[in-house]
Amino acid sequence: MQRNEKATDSAAGGARSKEAVGAKAVRDKPWIFRTYAGHSTAAASNALYRTNLNKGQTGLSVAFDLPTQTGYDSDHALAKGEVGKVGVPICHLGDMRALFDGIPLGEMNTSMTINATAAWLLALYIALADEQNAPRGKLQGTTQNDIIKEYLSRGTYVFPPAPSMRLTKDVILFTTKEMPKWNPMNVCSYHLQEAGATPVQEVAFALATAIGVLDAVKASSQCAEEEFGDVVGRISFFVNAGLRFVTEICKMRAFTELWNEITRSRYGVRDPKQRLFRYGVQVNSLGLTEQQPENNVARILLEMLAVTLSKGARARAVQLPAWNEALGLPRPWDQQWSLRMQQILAYETDLLDYRDIFDGSPVIAAKVAELKAAAREELDHIEARGGTVAAVESGYLKQQLVESNSRRVEAIERGEQTVVGVNRFTETEPSPLAAAAGAVLTVTAEAEAEQIARLNAWRESRDARAVAAALEGLRKAAKSGANIMPPSIACAKAGVTTGEWGAALRAAFGEYRAPTGVGTAMRNDAEGLDEIRAEVDRVSKKLGRRLKLLVGKPGLDGHSNGAEQIAARARDAGMDVVYDGIRLTADAIAAAARDKNVHVVGLSILSGSHLPLVHEVMARLKDNGAAGVPVVVGGIIPPQDASALKNAGVAEVYTPKDFALNRIMADLVRIVEDAADRGE
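Quick notes on the rules
Residues numbered from 1 in each chain as written. Predicted model: local features only at pLDDT ≥ 70, side-chain atom pairs only at ≥ 80, totals over all residues. Heavy atoms only, no water. Helix = DSSP H or I, 4+ residues; strand = E, 2+ residues; numbered from the N terminus. Rg over C-alpha atoms; globule rule 2.2 N^0.38 Å. Buried < 20%, exposed > 50% of the residue type's maximum accessible area, 1.4 Å probe, protein only. Areas by Shrake-Rupley, 256 points an atom, 1.4 Å probe, with all protein chains shown as cover. Lys, Arg positive; Asp, Glu negative; His and termini not counted. Charge placed at Lys NZ, Arg CZ, Asp CG, Glu CD. Contact = heavy atoms within 4.5 Å. Pairing = 2+ DSSP bridges. Axes fitted to C-alpha atoms, helices over the stretch in contact; angles between N-to-C directions. Core = buried A, V, L, I, M, F, W, Y, C linked by side-chain atoms within 4.5 Å. Parallel < 35°, antiparallel > 145°, perpendicular 65-115°, else oblique. Left-handed = near helix turned anticlockwise from the far one by under 90°. pLDDT = per-residue confidence, 0-100. Phe/Tyr/Trp six-rings, centres within 6.5 Å; stacked < 30°, edge-to-face > 60°. Lys NZ or Arg CZ within 6 Å of the ring centre and 35° of its normal. Salt bridge = Lys/Arg side-chain N within 4 Å of Asp/Glu carboxyl O. Expected span 1.5 Å × (residues − 1).

Trainee: Now, about the overall build of the chain: what can you tell me, with residues and values included?
Mentor: Tallying secondary structure elements over the chain gives 26 helices and 15 strands in all. Scaling as 2.2 N^0.38, a compact globule of 680 residues should have a C-alpha radius of gyration of about 26 Å, and the chain matches this with 24 Å. The proportion of buried residues among the 680 residues of the chain is 61%. Here the chain has roughly 25000 Å² of accessible surface; of this, 53% comes from carbon and sulfur atoms. Computed over 79 positive and 81 negative side-chain charges, the separation of the two mean positions in the chain equals 3 Å.

Trainee: So what about the environment of W337? Which residues, and what values?
Mentor: Position of W337 relative to the elements: it lies in helix 12 (residues 332-348). For the pair formed by W337 and A322, sequence separation is 15 residues and the distance between their alpha carbons is 7.5 Å. In this structure W337 touches V297, W323 and L433, once residues within four positions along its chain are discounted.

Trainee: So what's going on with the sheet that holds strand 7 (residues 185-188)? Which residues, and what values?
Mentor: Taken in spatial order, the five strands of this open sheet run 1-10-9-8-7, and their pairing is parallel. Single-partner strands in this sheet number two, and they are strand 1 (32-34) and strand 7. Pairwise comparison of adjacent strand axes, ignoring direction, gives a mean angle of 25 degrees for this sheet. Sheet topology places strand 1 next to strand 10 (residues 317-319); three bridges connect them, and they run parallel. Across the sheet, the residue bridging to I32 is A317, located in strand 10. Most of the contacts of helix 10 (residues 245-265) go to strand 8 (residues 235-241), to which it runs at about 165 degrees, and overall it touches strand 8 and strand 9 (279-283).

Trainee: Account for the sheet that holds strand 3 (residues 60-63), naming residues and giving values.
Mentor: In spatial order, the strands read 2-3-4-5-6; together these five strands make up an open sheet with parallel pairing. Of all strands in the sheet, those with a lone pairing partner are strand 2 (36-37) and strand 6 (182-183), marking the two edges. Two strands pair when backbone bridges link them, and strand 5 (residues 140-143) and strand 6 are joined in this way by two bridges, in the parallel orientation. Residue pairing across strands places G141 opposite W182, the latter belonging to strand 6. Those strands touched by helix 1 (residues 42-54) are strand 2 and strand 3, and its axis lies near 155 degrees from that of strand 3.

Trainee: Describe the pairing of strand 8, with residues and values.
Mentor: Successive side chains on a regular strand alternate, one facing one side of the sheet and the next facing the other. For strand 8, the tally of buried residues reaches seven of seven residues, placing the bulk of the element in the interior. Of the two faces of strand 8, the one lined by I235, F237, V239 and A241 and the one lined by S236, F238 and N240 are each fully buried. The pairing of strand 7 with strand 8 spans four bridges and is parallel. Bridging across to strand 8, M185 finds its partner in I235. Where strand 8 lies against strand 9, five bridges are found, and the strand directions are parallel. Within strand 9, the position partnered with N240 by the bridge is Q282.

Trainee: How would you summarise the nonpolar core if you had to cite specific residues and measurements?
Mentor: Core analysis: the biggest nonpolar cluster contains 167 residues, and M96, F100 and F237 have the highest contact counts within it. A total of 12 residues in this core trace back to one element, the largest contributor, which is helix 4 (residues 118-131). Ranked by size, the runner-up nonpolar core spans 25 residues in total, among them V617, L621, I637 and L645.

Trainee: Pulling in residues and values, what's your account of the packing of helix 22 (residues 561-572) against helix 26 (residues 661-677)?
Mentor: Between helix 22 and helix 26, the shortest axis-to-axis distance is 10 Å and the interhelical angle comes to 70 degrees. With respect to helix 26, the element helix 22 is oriented roughly perpendicular. Two packed elements cross with a definite hand, and for helix 22 against helix 26 that hand is right-handed. For the pair helix 22 and helix 26, contact is made by Q565, I566, R569 and A570 and by L661, N662, I664 and M665, respectively.

Trainee: Residues and numbers for the confidence of the model for the chain, please.
Mentor: Mean pLDDT over the chain works out to 92, with 95% of the residues at or above the 70 mark. In the model, residues 1-23 has pLDDT below 50 throughout and makes 108 contacts with residues more than four positions away in sequence or in other chains.

Trainee: Pulling in residues and values, what's your account of the packing of aromatic side chains?
Mentor: Enumeration over the complete set of coordinates arrives at 17 aromatic pairs. With 5.5 Å between their ring centres and 85 degrees between their planes, F159 and F509 make a pair best called edge-to-face. Within this pair, whereas F159 is found in the loop between helix 5 (147-154) and helix 6 (161-178), its partner F509 is found in helix 20 (residues 498-509), the two being separated by 350 residues in sequence. The buried category is assigned to F159, whose relative accessible area is 1%. Residue class for F509 comes out buried when judged on its relative accessible area of 16%. When the ring centre of Y72 is taken as origin, the NZ or CZ atom of R506, which lies over that ring, is 4.1 Å away.

Trainee: Before we move on, could you go through the pattern of salt bridges and cite the residues and values that matter?
Mentor: Close approach of charged atoms lets side chains of opposite charge pair. Summed over all chains, the structure comprises 49 salt bridges. The shortest N-O distance in the salt bridge between R266 and D215 comes to 2.8 Å. With R266 in the loop between helix 10 and strand 9 and D215 in helix 8 (residues 199-219), this residue pair connects regions lying 51 residues apart in the sequence. Residue classification places D215 among the partly exposed positions, given a relative accessible area of 30%. Here D587 and R620 are joined by a salt bridge, their closest N and O atoms 3.7 Å apart. Of this pair, D587 sits in helix 23 (residues 586-595) while R620 sits in helix 24 (residues 610-623), placing them 33 residues apart in sequence. On the accessibility criterion, R620 (24% relative accessible area) is partly exposed. Salt bridges here are not isolated pairs; linked through shared partners, they connect E410, E413, R414, E416 and R569.

Trainee: So what's going on with helix 20? Residues and values would help.
Mentor: With 12 residues, helix 20 ought to run about 16 Å at 1.5 Å a step, and its terminal C-alpha atoms sit 16 Å apart, in line with that. Regarding helix 20, the residues found buried are T498, G499, W501, G502, A504, L505, R506 and F509. The inward-facing, buried residues of helix 20 contact helix 2 (66-69), helix 4, helix 6, helix 18 (464-480) and helix 19 (485-494). Just downstream of helix 20 lies G510, where phi reads positive at about 80 degrees.

Structure (structure tokens):
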């Protein structure tokens, strides 16, 4: 599975010192050490958290599974095969108790990667803290709560942009008053870079999101003028760091300076502490390779330097991926290795003994100025389009990311951008690490059945009248515009489930399908496609109509980068492409294959749920009279699973090592022609 959903907390950014470069100072405190974790069950995740804390981790970063993130209970039809795969399933207060068993919330700093259902998971956390008698004013941590980037990159949105922004605003206003140490929002540029954003796009799109949220808070008239500085001061950021670490250092300094300028000039915030750019970081997962995966250790370490070397723009919370995340779910030992990297840098080097070592560098200053100027220009462009929400709804932001990611992929394919072990220096010795038995962690099928059994027992044991009353209060708040947090906390304490909370708000707000960013017009500047286009034309004539590909994303996985790039490349290669975005049911995919009369179906699944979801889609294709349509599958798929899929009739399986998209296009043409020759 792909661990793209990363979140963290931040403690303090900080303006750069005016003292001379190299002047010794009091040793700086280390950042918060985290690992992003959660899988299978609340009890199993709790055991992992407690183990990591004993190893020197100083904060928690909770990964939730996809049903939890999208507001479904573990027994919902759409949750099948997804329970516990990319995170921990949390259906009710009992699950939250198990997740934090033996962990005092009043003493912990907890980051939760949660967005569409952020208000609900925070309500469960608060309800548990109340049970532990932990004062709300002492609770420290972060709810990611950045719904804008979900429409652009990660895909766990549920509601339309307007009510989603309302929920974000409600969490901000509630926590500012009752939980002053809590960061109610991590503006996430991390996932933008994972979706292909350039440094300028990452800075501009993230700052545009923060501006959109703060403008919404001001426009609500629910925040007194004297309290607005506190709101600004609790907004934190969650960024990405790639391998071009000089550029990344400059990007972070540009972020810091621009945020200080925006909060002072646009919002009139006078307190310098409230204008600090407070951020945490997860270094880049997009660049981790399946080929020669041991090289990822060096990549992770170098990326960490980008957000730690410059004191004035240093992250105050860091979490690192594991070396084998392009292969599957990391084991505790793999996470420990990444934790030890942080500890060695913080405690064995002299990094924290000095002021900012880049102050006064003309090279750094020039690059920072360049990034700031370009980011301001893009911010002005977004503002002219009506702001962030309008730029999401029009598809502008998504289209920009798809196009920049296409350029990145093409540069790797052409060899213009070197990726060691992938398109250069590919000769290798067998890796004893990757070949070791149990190189990744797997989630058993029994875990889902056991979670559902616990959920059923919970429903039977609760007070049905109290649940009904709490849900009625939630529905009234959703309709009236009252802050959603108090009735959500009441629901948590009454025993309401995640699916029930989600259903109530779906009924009030409706659901939403974001623009895909994949246009229908063939790109004129695409290179190296002449031979593929000729083959598409030849086979299309043989078929009697244009070769047609359906790209489908079954299940709840919202990571759409791969699907978008396949759809865009197929379009540029001259195929007709059907791509309706993320979170499609097997029935919907099969019906589209039949109704659109497609020649091949491509399924993209990165949540680790490929076996049950592919089998279900193929069964539905058969039911819809499309059993002869060949199916190809892409995702984080171990070799044994790839073999199982091929034995089940899948024509081809692709994993991250298959970076050459033109070769995949050639395969699709061959697969379609072979099926036609067989008369399927």
